[in-house]
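# Descriptive structure summary
Each chain is listed here by its residues.
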Amino acid sequence: MQAAVKTIGIGIGADAEKVIDSACRVHFPCDIVCYLRPGTAKIPPGHPRVRMAESGAPESALVSDLMAGVIDAAVRGTLPANATLQALKVAAGVDHLERIALLETAGGKKFLFAPVGIDEGWTVSDKLVLIRKGREIARRFGLPEKVGVLSGGRFGDVGRHTRVDRSMADAELVAKLGDAVHYEILIEDAIESCGLIIAPDGISGNLVFRTLAFLGAGHGHGAPVVNIDRIFVDTSRASPDYTNALLLAASLLE
């Protein structure tokens, strides 16, 4: 018996043509619904699996349809972050969101990275959850399951500052409990063999993400939210396209 075709929703705020073009270039078997305000854009002819869902509040419509099962997965696309993620938190009944980003260096090296939000991944237990869920995503995406844990310094820096010492102690514990490797501050070594890299905290993680994606000629392909029971891939409005984010959502549905 043939499996039912899955449906992925993607949000459109600014840059409607960029999102629609991404949806039309997707070649895997799924339907794509573009959530946008009335009169924003049109789907070009010849793409029967791409359709529009017009709403005066596309952020709420996307989240509502995801939670109700109308769509099987969602990608934020270019919808505004604050309104969309707040709607998702309320609908999912959580007070914060935990995301694991799929990043790519300028040289084409893909890896998963977390935490990427300033309020995420601050405790040892938080990082262990990210490792467990990140390994599952790495396995699905064909990335190495080896995990690298970063801290705020090198072993020779112990004693220079209490926050650095705490960061290194936490990283050692996370690595031990999470069957991972503590790479100290050497992210350039971790990326050589790790499919998932864990930052010391949400602030440094957000800075690494933004530096790679916006200054370092790399790419952020999307960040699945891992503490809700629906598939939601967060994205940046600065992304050049959303085909990889849609592919990531589709991979998580398998």
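For the structure, see preceding data.
Predicted model, so just to flag it, every value in this text is computed and none were measured.

What follows covers the packing of helix H4 (residues 124–141) against helix H8 (residues 243–253). Running from N to C, H4 and H8 cross one another at 100°; their axes reach a closest spacing of 10 Å. Comparing the axis directions of H4 and H8 gives the class roughly perpendicular. On H8, the residues that touch Ile-137, Arg-140 and Phe-141 of H4 are Leu-248, Ser-251, Leu-252 and Leu-253. When grouped by side-chain class, the residues that make up the contact of H4 with H8 number five nonpolar, one polar and one charged.

Okay, the layout of surface pockets next. Space inside the largest pocket adds up to approximately 660 Å³. Along the wall of the largest pocket there are 28 residues; nearest its centre are Arg-76, Ala-81, Leu-85, Arg-99 and Asp-234. Contributions of two or more residues to the lining of the largest pocket are made by helix H3 (81–92) and helix H7 (202–215). Looking at side-chain class alone, the lining of the largest pocket contains ten nonpolar, ten polar and eight charged residues. Its boundaries defined by the atoms lining it, the second largest pocket holds a volume of some 430 Å³. Along the wall of the second largest pocket there are 18 residues; nearest its centre are Gly-152, Ser-167, Pro-200, Asp-201 and Ser-204. Broken down by element, the residue count for the lining of the second largest pocket peaks at six residues, all from helix H5 (residues 162–177).

Across all of its chains, the model carries eleven salt bridges by this definition. One salt bridge connects Arg-49 with Asp-31, and the closest N-O pair in it is separated by 3.8 Å. Linking Arg-49 in the loop between strand S2 (30–36) and strand S3 (50–54) with Asp-31 in strand S2, this pair joins segments that are 18 residues apart in sequence. For Arg-99, the salt bridge goes to Glu-120, with nearest N and O atoms at 2.8 Å.

On to H7. Look at H7: 19 Å from first C-alpha to last across 14 residues, which is about the 20 Å you get at 1.5 Å a residue. Among all positions of H7, only Gly-202, Gly-205, Asn-206, Phe-209, Leu-212 and Ala-213 are buried. One side of H7 holds all its buried residues, which, seen down the axis, span an arc of 140°. In this structure, H7 carries Leu-207 and Leu-215 as exposed residues pointing more than 90 degrees from its buried face. Check the buried side of H7 and you find it contacts strand S5 (101–104), strand S6 (110–114) and strand S10 (219–220). With a side-chain oxygen lying 3.0 Å from the backbone nitrogen of Ile-203, the N-terminal cap of H7 falls on Asp-201. Ala-217 lies just past H7 and shows a positive phi near 65°.

Another point: the pairing of S6. With respect to burial, S6 is a largely interior element, four of its five residues being buried. Adjacent in sequence and paired antiparallel, S5 and S6 are bridged by five residues, among which Gly-108 carries a positive phi angle near 95°. Pairing between S6 and strand S9 (residues 196–198): three bridges, direction parallel. Each bridged residue has a counterpart across the sheet, and for Phe-113 the counterpart in S9 is Ile-197.

The rules behind these values
Residues numbered from 1 in each chain as written. Predicted model: local features only at pLDDT ≥ 70, side-chain atom pairs only at ≥ 80, totals over all residues. Heavy atoms only, no water. Axes fitted to C-alpha atoms, helices over the stretch in contact; angles between N-to-C directions. Helix = DSSP H or I, 4+ residues; strand = E, 2+ residues; numbered from the N terminus. Parallel < 35°, antiparallel > 145°, perpendicular 65-115°, else oblique. Contact = heavy atoms within 4.5 Å. Nonpolar A, V, L, I, M, F, W, Y, C, P; charged D, E, K, R; others polar. 1 Å grid on protein atoms, 1.4 Å probe; cavity = no way out; pocket = protein on both sides within 12 Å on 5 of 7 lines; lining within 4 Å. Points joined across faces, edges and corners; volume = space filled by probe spheres on them. Salt bridge = Lys/Arg side-chain N within 4 Å of Asp/Glu carboxyl O. Expected span 1.5 Å × (residues − 1). Buried < 20%, exposed > 50% of the residue type's maximum accessible area, 1.4 Å probe, protein only. Arc of directions from axis to C-beta. Polar contact = N/O pair within 3.5 Å; in protein donor to acceptor, adjacent residues only side chain to side chain. Pairing = 2+ DSSP bridges.

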